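Summary of the model geometry
In case you want the letters, here they are:
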Amino acid sequence: MNETLKVLESRRSCRKFKPDMVKKEELDAIIKAGTYAATGMGKQSPIIIAVTNKELRDALSEENRKIGGWSEGFDPFYGAPVVLIRFLSL
Ligand SMILES: Cc1cc2nc3c(=O)[nH]c(=O)nc-3n(C[C@H](O)[C@H](O)[C@H](O)COP(=O)(O)O)c2cc1C
């Protein structure tokens with residue numbers, strides 16, 4: 001089977017992450033892959049910020065939880081130690 005189709009068919013969303021920090025080289029590879037994602041209206045050069053600071057990561061989780069209307073104590077990042085924020089240049 002075509003390799004791209006194989007990757008698409010074996011990909012799954014994850015709702016439980018280990019707290020261990022992701023290795024820098026792995027994080028860099030994920031960020032690089034993200035820069036190739038499609039952008040609305042063909043606006044290129046997406047900026048991706050990796051939040052590895054636990055305090056900031058937890059504050060973002062809490063704001064996200066409130067916006068999403070989830071119950072107190074719920075972590076919408078499912079315990080992931082790193083959050084990637086993708087900005088698009090306007
Ligand atoms: C635009 C978009 C937003 C999503 N938002 C959330 C979310 O806020 N919380 C969550 O747990 N999953 C979210 N998901 C994941 C979907 O629920 C998940 O992809 C779906 O259950 C299918 O499962 P799969 O990715 O393993 O095939 C989102 C998916 C997309 C495409």
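Our structure is the block above this text.
Residues numbered from 1 in each chain as written. Predicted model: local features only at pLDDT ≥ 70, side-chain atom pairs only at ≥ 80, totals over all residues.

As a further point, take the overall build of the chain. Secondary structure summary: the chain contains 3 helices and 2 strands in total. Going from the N terminus to the C terminus, the chain shows its helices and strands as α-α-β-α-β. Radius of gyration (C-alpha) of the chain: 15 Å, far over the 12 Å computed for a compact globule of 90 residues. Seen through its principal axes, the chain has C-alpha atoms that stretch 45 × 35 × 30 Å. Of the contacts formed within the chain by residues at least 6 apart in sequence, a portion of 68% connects residues at least 24 apart. (Helix = DSSP H or I, 4+ residues; strand = E, 2+ residues; numbered from the N terminus. Rg over C-alpha atoms; globule rule 2.2 N^0.38 Å. Contact = placed C-beta atoms within 7 Å.)

Take helix α3 (residues 54–68) next. The first and last C-alpha atoms of α3 sit 20 Å apart over 15 residues, in line with the 21 Å expected at 1.5 Å per residue. The element α3 is largely exposed, with a buried count of 0 among its 15 residues. Phi turns positive one or two residues past the end of α3, at Gly-69, with a value near 75°. (Expected span 1.5 Å × (residues − 1). Buried ≥ 20, exposed ≤ 12 C-beta atoms within 10 Å, placed from the backbone.)

With that settled, the discussion passes to unusual backbone geometry. Phi at Met-41 takes a positive value of approximately 60°, unusual for a residue other than glycine. As for its position among the elements, Met-41 is in the loop between α2 (24–34) and β1 (47–51). According to the C-beta neighbour criterion, Met-41 is exposed, with 6 such atoms within 10 Å. With phi around 50°, Tyr-78 is a residue other than glycine that occupies positive phi space. Structurally, Tyr-78 is set in the loop between α3 and β2 (83–87). For Tyr-78, a count of 12 C-beta atoms within 10 Å gives the class exposed.

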